[in-house]
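Structural overview for review
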Amino acid sequence: MKFTAVKFLLLGVFVVFIFFFTNDFGLIDVEKTAIITAIAIDYDSEKNEYEVTTQIAVPEATDTQTENDKAQLSSTGGTMGEAIRSIGDKSGWFPNMQFCNLIIIGNELSKTNTIKVMDYFSKTLRVQDSALVILAEDKASDLLKISTPLDNISSFAIQKILLKTDSFDNDIVSTDIKEFCEGYYSINQSSYLPLVKKVSQNEQNSDSSSSSGGSSGSDKTGGAKGNYIFNATTTALFYKGEQVGELTESETLTFNTLTKSIKGTTLQLKDVLINGKETNVLVTFHKSKPKIKLYANENQLKVLLEIDAYCKLVDQNATYSDNTDSKNVPLPLSVKSKAEEFFRDNLISLIQKEKLSGCDFLNLKNKLYHLNNKYYPLYKDNFFDKLEYEIKVNITGQK
């Protein structure tokens, strides 16, 4: 028995050596492979062509080189597959998209049915379904031309502001390929994407809140040099694959409060009356209990949007003596009322934008279809016309 085991062991070692010395286990030559980190897609409506720009991670050539130079390859085609294949044909590099974690959609493309593009990425095995998707304010390729001090590869900087931990403000939505396509093919045919803007940091210095959703950088695309911020605090709404509206920064924060945890998220409230004086305050949310509940019967279709959150006063710009140095700061009634007013107004705005755009980003039609299916045929054709709403907001803090 021992002799037989030794023979099998020797045979296994021999097979391993055969694979190693013949084809290196099928490894692809790195020098002939383009490791794509992001794909930017623009659309030329006049030529009816897709322009695909890929960002490639290029390794350092020497030990003396201080930074990695990013490379970009572009090509066009009548379909996504043709444009990407042309990149390899023209460059001689094999486009490896297994490490691609970011898809950027150009603004011109959002005016058409974007599922024509997203279907390619959802069906191909060359790109993972968890790759993030964003919408550029202008051309998608412009976002790839920005270099940041911390990340020379701009796609990495964008991913950092999209995938923030719980200790950061939850003021940005993130969507991947799978989520976007699932929304399109669902009952409500609705999806959403973070709208990423390239904004001059000099224009944003007076607005400190913008830094929560941005990453600074410097423009190396030619022309005047300056620092820039990636701002992704607004959200683009899609219905049947086309952009039909936007959520503002405040509405995006409220939407996140309804759909996910906002632990660690801060909210600035202006002109709050405290001790007879108006002041700006900052509160931090520690927990929340959101609720979206849809009621339906033969006579009524109604949705309840409820936010029950606990927050703490952490800062204020008061010039008078107070107890802000204490760890236990009671939440003044004026702050509570101001915070409740903020969420109440934005919840109403969310419902109005659902009705105006037709984009069911709150997923209400799916709730009716799955939870109250017998009433779905009654309301499917006039859903937003019949939809009524009730808003409840309760903000609590230390007493």
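All values derive from a computational prediction rather than experimental measurement. (Residues numbered from 1 in each chain as written. Predicted model: local features only at pLDDT ≥ 70, side-chain atom pairs only at ≥ 80, totals over all residues. Heavy atoms only, no water.)

A separate point is the environment of I153. By the element assignment, I153 lies in the loop between β7 (146-147) and α5 (154-162). Taking relative accessible area as the criterion, I153 reaches 10% and is therefore assigned buried. (Helix = DSSP H or I, 4+ residues; strand = E, 2+ residues; numbered from the N terminus. Buried < 20%, exposed > 50% of the residue type's maximum accessible area, 1.4 Å probe, protein only.)

Attention shifts here to the nonpolar core. The biggest cluster of nonpolar side chains holds 45 residues, and the ones touching the most others in it are F285, L362, L368 and I395. Not counting residues within four places of it along the chain, the set of residues in contact with I395 comprises F285, A309, C311, L331, K336, A339, E340 and F343. The next biggest cluster of nonpolar side chains, apart from the first, holds 32 residues, and it includes I84, I105, L135 and F180. (Core = buried A, V, L, I, M, F, W, Y, C linked by side-chain atoms within 4.5 Å. Contact = heavy atoms within 4.5 Å.)

Backbone geometry at N48 places phi at a positive 55°, although glycine is not the residue there. Examined against the element boundaries, N48 turns out to sit in the loop between β1 (33-44) and β2 (49-56). For N48, a relative accessible area of 48% gives the class partly exposed. In this structure, Q189 is a non-glycine residue whose phi angle is positive, near 55°. Tracing the sequence through the fold places Q189 in the loop between α6 (177-184) and β9 (190-200). What makes Q189 partly exposed here is its relative accessible area of 28%.

Turning our attention to the confidence of the model for the protein. On average, residues of the protein score 81 in pLDDT, and 76% of them reach the 70 mark or higher. Contacts from residues 64-68, a stretch scored under 50 in pLDDT, to residues over four places away or in other chains number 8 contacts. (pLDDT = per-residue confidence, 0-100.)

Okay, the environment of I187 next. Mapped onto the fold, I187 is located in the loop between α6 and β9. Between the alpha carbons of I187 and D360 there is a distance of 9.6 Å; along the sequence they are 173 residues apart. What I187 contacts, discounting residues up to four positions off in sequence, is K365, N366, Y369 and Y376.

The full count for this structure, using the stated rule, is 8 salt bridges. Among the ionic pairs, K353 bridges to E251, the shortest N-O distance being 2.8 Å. In this pair, K353 sits in helix α9 (residues 333-357) while E251 sits in helix α8 (residues 249-259), placing the two residues 102 residues apart along the sequence. On the accessibility criterion, K353 (22% relative accessible area) is partly exposed. Here E306 makes a salt bridge to K291, at a shortest N to O gap of 3.7 Å. Of the two residues, E306 is situated in strand β15 (residues 301-316) and K291 in strand β14 (residues 277-296); the sequence distance between them amounts to 15 residues. Its relative accessible area of 39% is what places K291 among the partly exposed residues. (Salt bridge = Lys/Arg side-chain N within 4 Å of Asp/Glu carboxyl O.)

Another aspect to go through is the sheet that holds β15. Pairing is mixed in the open sheet, where 4 strands are placed in the order β13-β14-β15-β16. Of all strands in the sheet, those with a lone pairing partner are β13 (266-274) and β16 (387-396), marking the two edges. Across the sheet, the axes of successive neighbouring strands diverge by a mean angle of 35°, strand direction being ignored. Docked against the sheet, α9 engages β13, β14, β15 and β16, running at close to 155° with respect to β16. With respect to the sheet, helix α10 (residues 364-371) is in contact with β14, β15 and β16, its orientation differing from that of β14 by roughly 30°. (Pairing = 2+ DSSP bridges. Axes fitted to C-alpha atoms, helices over the stretch in contact; angles between N-to-C directions.)

So, about α5. Counting buried positions along α5 gives 7 out of 9 residues, so the element sits mostly inside the fold. Listed in full, the buried residues belonging to α5 are S154, S155, A157, I158, Q159, I161 and L162.

Bringing the packing of aromatic side chains into the picture now. For the coordinates displayed, the defined rule picks out 10 aromatic pairs. Taking the centre distance of 4.9 Å and the plane angle of 90° together, the rings of Y184 and Y185 count as edge-to-face. Residue classification places Y185 among the exposed residues on the basis of a relative accessible area of 52%. Summarising the aromatic geometry, the rings of Y192 and F255 are spaced 5.3 Å apart at their centres and angled 80° between planes, so their arrangement reads as edge-to-face. Placement of the pair is Y192 in strand β9 and F255 in helix α8, with a sequence separation of 63 residues. Overall, Y192 belongs to the partly exposed group, its relative accessible area being 26%. Given the relative accessible area of 2%, F255 is considered buried. Cation over ring: K287 sits above Y310, and NZ or CZ is 5.8 Å from the ring centre. (Phe/Tyr/Trp six-rings, centres within 6.5 Å; stacked < 30°, edge-to-face > 60°. Lys NZ or Arg CZ within 6 Å of the ring centre and 35° of its normal.)

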